[in-house]
Amino acid sequence: MPYLRKTRSRRSGGAAAFLALALLTLHGCQPDASSAAGSAFLDAGGAFPAEWAFAAEARPVTASEGMVATTDEYATRVGLHILAAGGNAVDAAVATGLALAVVNPEAGNLGGGGFMMVRLADGTVYAQDHREKAPVAATRDMYLDADGNVTDRSVVGHLAAGVPGTVQGLWEAHERFGSLTWAEVVQPAIDLAGGFEVTGRLVSTLEAAQNGIRTFEASAGIFLPGDAVPTVGDTFSQPDLAQVLTRLRDQGPDDFYRGETAALIAAEMERGGGIITLEDLDRYTSVWREPAAFDYRGYTVHSMPPPSSGGLTMAAIANLVERWDLGAMGWNTPETIHVMAESFRRAYADRNEYLADPDFVELPVEQFLSDEYADSRAATISLERATPSAEVAPGIDAFLDESHTTHYSVVDAGGTAVAVTTSVNSWYGGKVVVDGAGFFLNNTMDDFAAKPGTANQFGLVQGERNAVGSEKRMLSAMSPTIVEDPDGNLFLITGTPGGATIITTVLQSIFNVIDHGMNVVQAVHAPRVHHQHLPDLVFYEYRGLPATTVQALEALGHTVRQRDPGPPDAYFAGGMSGDVQLIMVMPDGTYEGWSDPRRGGLALGR
Ligand code: DON
């Protein structure tokens, strides 16, 4: 089990007992139906900053027979419908993913890729990699101009697309674990493609992306009807997409990778100067990988192994952070943020340099999981002073984060849990719709280091190992994650979009529960911080830190930057990071869940 880090042998029984007790307290304080949310966090006097956007006192969604948390109400309802029809969590996840491709086309997709974690009720955990692959014809320098400078071709247009993996991945997950028929799980998406009422979220994302979409005729023809963003309440129909989904229902992935849809993708590529061929589509495979697993204070965290960087980077961070008692140090205090930022900085330095597609590059997996390596890393952390990133590795200064990806979490009555993070990378990917097929293609080729040592669109400065290569998978931060409690029982299902911030956001959702005694609402609502080694900055969400905390961090030597709230948006919260979909199993076996209000999602149970 090369990706499994065993429980730290030097942890004292006393600490474990204390944490178990803290958890009991947390559970013991969950609200009854008539009260506002309680939690160990509030009981201990915890509070969010006065100016912060979200409350600590809302009540979680509760359920006993299953729960679905997604960024979109239609998609959540599809998942719940499948559970109610007798489907299991994998059936519901597949149906939800396909629904997101229809109602949430800025991130939900057929033309992108992602990762799925499945934990069956018997405790076995599976990791499904349906990440895009570089086309056969891809070359290391394909995004550089004649002077060796990076162009925008990895971000916009046909060359930006990797070979899509979502269709194959969802199919394989259903083949392996589904209990309803394939037709039953595909049908809700077909129905939605027939027409659904336009939501504020679709309007907001189209408004943000419309200039890019307008440059591609097939894209604008569908998504900007009459050259305008549709209005909330309009009926939005996608007949080409409905056809693709119908063929998917009737022919499985063969149509997408070898049939009529494959031909449409190949024709679109030829028209736009892209390089994905029929051969690329035919050769695409998704991969069942050994999950990354690590211990955090007695809890076992299962997440994605490479080509996602999520599992290993979270393991490396957890192995550093665990040396300090974050709970005792307090949530959102300068001390806790300092320890997290120093740990994030070091783990991201290694992530950015070393991680890539394991099918192409040898990875120092042990380094990310080993206590000895963490000992040496931890020894360089001072509680008195921030370590400049230049002393950890060289760097540059650029950063951008928006939530273009999407995550969904599902659990069924039998206790099977599914976490999926899926993406076309940027909102609406490279803005290219496959003519006649009605779906956007990803621009995930930008997750490669187009020019090693140069920042990508998320400001990530990645190394030679993650250079573009024929048929290689590009490194990802997507981290669908399932956590077991110290007794080995299902405990948390979590995940988020957010580019480079995914890893730190997922971890904070876990720390908030385990270290700070928050319930699911608080764990999702709480403002977050981020550090990714380069740029050498501690980012915090708009109004997420009190001025005194910022000053204390600056006194330690951190450069601290508040996220810009940007122009007012009627739908999305500005200056925020992430879109966490969190489900927790309570001691009595019931579920509590919460969908991040930053993007307007919904958790529903039954
Ligand atoms: O795989 C990755 O790490 C990125 N393609 C994820 C992109 C993302 O989360 C978009 N939101 N910022």
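Residues numbered from 1 in each chain as written. Predicted model: local features only at pLDDT ≥ 70, side-chain atom pairs only at ≥ 80, totals over all residues. Heavy atoms only, no water.

(A) Region of interest: the overall build of the protein. Of the regular secondary structure elements, the protein holds 20 helices and 19 strands. Relative to the globule expectation of 25 Å for 606 residues, the C-alpha radius of gyration of the protein, 22 Å, shows essentially globular dimensions. Split into buried and exposed, the 606 residues of the protein put 64% on the buried side. Working note: accessible area of the protein is about 19,600 Å², and carbon and sulfur atoms make up 52% of it. Charge centroids of the protein, computed over 40 positive and 74 negative side chains, lie 4 Å from each other. (Helix = DSSP H or I, 4+ residues; strand = E, 2+ residues; numbered from the N terminus. Rg over C-alpha atoms; globule rule 2.2 N^0.38 Å. Buried < 20%, exposed > 50% of the residue type's maximum accessible area, 1.4 Å probe, protein only. Areas by Shrake-Rupley, 256 points an atom, 1.4 Å probe, with all protein chains shown as cover. Lys, Arg positive; Asp, Glu negative; His and termini not counted. Charge placed at Lys NZ, Arg CZ, Asp CG, Glu CD.)

(B) Representation of the packing of aromatic side chains in the model. This structure, assessed with the given rule, holds 20 aromatic pairs. Taking 5.3 Å as the distance between ring centres and 50° as the angle between the ring planes, the aromatic pair formed by Phe 48 and Trp 331 counts as tilted. With Phe 48 in the loop between α2 (40–43) and β1 (61–63) and Trp 331 in the loop between α14 (326–329) and α15 (334–354), the pair connects residues that are 283 residues apart, well separated along the chain. We note that Phe 48, like Trp 331, is buried. The ring of Trp 288 has Arg 176 sitting right over it, with the charged end atom 4.6 Å from the ring centre. (Phe/Tyr/Trp six-rings, centres within 6.5 Å; stacked < 30°, edge-to-face > 60°. Lys NZ or Arg CZ within 6 Å of the ring centre and 35° of its normal.)

(C) Main features of the sheet that holds strand β3 (residues 113–119). Spatial strand order, β7-β4-β3-β11-β10-β2-β19: seven strands in an open sheet with antiparallel pairing. If you trace the sheet from one side to the other, it starts and ends with β7 (287–289) and β19 (602–605), each paired once. Shown here is a sheet whose adjacent strand axes are inclined to one another by a mean of 15°, direction ignored. Taken together, the seven bridges between β3 and strand β11 (residues 417–423) define a ladder with antiparallel strand orientation. Following the sheet pairing, Val 118 is matched in β11 by Val 418. Seen against the sheet, helix α5 (residues 166–177) touches β3, β4 (125–130), β7, β10 (406–412) and β11 and runs at an angle of roughly 155° to β4. (Pairing = 2+ DSSP bridges. Axes fitted to C-alpha atoms, helices over the stretch in contact; angles between N-to-C directions. Contact = heavy atoms within 4.5 Å.)

(D) Layout of the sheet that holds strand β16 (residues 560–562). Across the sheet, which stays open at both edges, the three strands sit in the order β14-β15-β16 with mixed pairing between neighbours. The strands lining the two open edges of the sheet, one partner per strand, are β14 (529–530) and β16.

(E) Looking closely at the side chain of Asp 412. Here Asp 412 lies in strand β10. Despite its burial, Asp 412 pairs with no opposite charge; the closest candidate is Arg 606, at 9.2 Å N-O. What Asp 412 contacts, discounting residues up to four positions off in sequence, is Glu 65, Gly 66, Leu 83, Asn 88, Ala 89 and Tyr 591. (Salt bridge = Lys/Arg side-chain N within 4 Å of Asp/Glu carboxyl O.)

(F) The packing of helix α13 (residues 310–321) against helix α18 (residues 502–514), seen in detail. At a minimum axis separation of 10 Å, α13 and α18 run at an interaxial angle of 50°. With respect to each other, α13 and α18 are oriented oblique. Between α13 and α18 the crossing geometry is right-handed. Across the interface between the two elements, Gly 310, Thr 313, Met 314, Ile 317 and Val 321 of α13 pack against Ile 503, Val 506, Leu 507 and Phe 511 of α18. Here the contact of α13 with α18 is built from residues that sort into seven nonpolar, two polar and no charged. (Parallel < 35°, antiparallel > 145°, perpendicular 65-115°, else oblique. Left-handed = near helix turned anticlockwise from the far one by under 90°. Nonpolar A, V, L, I, M, F, W, Y, C, P; charged D, E, K, R; others polar.)

(G) The arrangement of the pairing of β10 in detail. Of all seven residues that make up β10, seven are buried, and the element is covered over most of its length. What you see with β10 is no split at all: Thr 406, Tyr 408, Val 410 and Asp 412 on one side and His 407, Ser 409 and Val 411 on the other are buried throughout. One ladder, built from four bridges, connects strand β2 (residues 66–70) with β10; its direction is antiparallel. Following the sheet pairing, Met 67 is matched in β10 by Val 411. By the bridge criterion, six bridges tie β10 to β11 in an arrangement that is antiparallel. When the sheet's bridge partners are listed, Tyr 408 is paired in β11 with Val 420.

(H) Structural view of unusual backbone geometry. The omega torsion of the bond from Pro 306 to Pro 307 falls at 20°, within 30 degrees of zero and hence cis. Structurally, the position occupied by Pro 307 is in the loop between β9 (299–303) and α13. Cis peptide bonds are those with omega within 30 degrees of zero, and the linkage from Leu 534 to Pro 535 qualifies with -5°. Tracing the sequence through the fold places Pro 535 in the loop between β14 and β15 (538–540). We note that Arg 297 has phi near 50°; this positive angle belongs to a residue other than glycine. Note on placement: Arg 297 falls in the loop between β8 (292–296) and β9. Although it is not a glycine, Glu 471 sits at a positive phi angle of roughly 65°. As for its position among the elements, Glu 471 is in the loop between β11 and β12 (481–484).

(I) Structural detail: the packing of helix α4 (residues 89–103) against helix α9 (residues 239–251). Two numbers describe how α4 lies on α9: the axes approach to 11 Å, and their chain directions differ by 165°. Of the possible angle classes, the one that applies to α4 and α9 is roughly antiparallel. The chirality of how α4 crosses α9 is right-handed. The segment α4 lies against α9, with Leu 98, Ala 101 and Val 102 engaging Leu 241, Leu 245 and Leu 248. Split into classes, the residues belonging to the contact of α4 with α9 amount to six nonpolar, no polar and no charged.

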